[in-house]
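Notes for the structure review
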Amino acid sequence: MPTPTKGPRLGGGPAHERLILANLATSLFEHDRITTTEAKAKRLRPLAERMITFAKRGDLHARRRVLTVIRDKGVVHRLFVEIAPDMAERQGGYTRITKVGARKGDNAPMAVIELVREPVAKRATVKEAEAATRRAAKDAEPTPAAAKVEPAEETAPVSTDAAEAEAPVEDAPATKAAEAATDEK
């Protein structure tokens, strides 16, 4: 019984392992999410993503390649008609593995593997980013009328008398009266 080249061994032999993974993939595409052991989920992910890539191609040869693994024609039809169009914008990462608690009976680490059906958050391309930067710079440029008003506000005369600058507006006449009283003496 040969040992697989990568990952933990599932089942008794290579043929049994292929059958286990095919059944897991069939269940995943049928239900969109399944709960299994972490080892099986990690071994299933590359197979499931390859099947989705074939489904995105959508031609007859790709359908026949998927049918060699997934024997249920109804599930293959669902994969090509429903799942693949949802994944059309996605470049990869079609599945998500989330670890959950250990199984009660044998304390095996469990995981949920599910299809990522949410739409892809569109990333801005370089051209779109440059256009947005140009628009922002254009909006930030002051108009000629605004350019004349802004320097006038900045060059307003500043009082050199510290008492006048710090005194509140209401106290200003009282301060001047106090200064006049001290000047008379």
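Residues numbered from 1 in each chain as written. Predicted model: local features only at pLDDT ≥ 70, side-chain atom pairs only at ≥ 80, totals over all residues. Heavy atoms only, no water.

1. Side note on the packing of helix 2 (residues 38–57) against helix 3 (residues 60–69)
Packed helices, taken two at a time, are described by their axes: the angle between them and the distance between them. Close contact between helix 2 and helix 3 brings their axes to 8 Å; oriented N to C, the two are set at 155°. Viewed along their axes, helix 2 and helix 3 adopt a mutual orientation that is roughly antiparallel. The way helix 2 lies across helix 3 gives a crossing that is left-handed. Contact residues: Leu-47, Met-51, Phe-54 and Arg-57 in helix 2; His-61, Ala-62, Arg-65, Val-66 and Val-69 in helix 3. Tallied by class, the residues present in the contact of helix 2 with helix 3 amount to six nonpolar, one polar and two charged. (Axes fitted to C-alpha atoms, helices over the stretch in contact; angles between N-to-C directions. Helix = DSSP H or I, 4+ residues; strand = E, 2+ residues; numbered from the N terminus. Parallel < 35°, antiparallel > 145°, perpendicular 65-115°, else oblique. Left-handed = near helix turned anticlockwise from the far one by under 90°. Contact = heavy atoms within 4.5 Å. Nonpolar A, V, L, I, M, F, W, Y, C, P; charged D, E, K, R; others polar.)

2. Here's the deal with the sheet that holds strand 1 (residues 33–37)
Taken in spatial order, the three strands make up an open sheet running 1-3-2, and their pairing is antiparallel. Both edges of this open sheet fall to strand 1 and strand 2 (95–102), since each of them pairs with a single strand only. Mean inter-strand twist for the sheet, computed between neighbouring axes without regard to direction, equals 25°. (Pairing = 2+ DSSP bridges.)

3. Examining the environment of Glu-128
Residue placement: Glu-128 occurs in helix 5 (residues 126–140). According to the relative accessible area criterion, Glu-128 is partly exposed, its value standing at 39%. The contact partners of Glu-128, leaving out residues within four places of it in the chain, are Lys-122 and Arg-123. (Buried < 20%, exposed > 50% of the residue type's maximum accessible area, 1.4 Å probe, protein only.)

4. What to know about unusual backbone geometry
Phi at Asp-32 is positive, roughly 75°, even though this residue is not glycine. By the element assignment, Asp-32 lies in the loop between helix 1 (14–31) and strand 1. You can call Asp-32 partly exposed: its relative accessible area is 21%. A positive phi angle, close to 60°, is found at Asn-107, a residue other than glycine. Position of Asn-107 among the secondary structure elements: in the loop between strand 2 and strand 3 (109–115).

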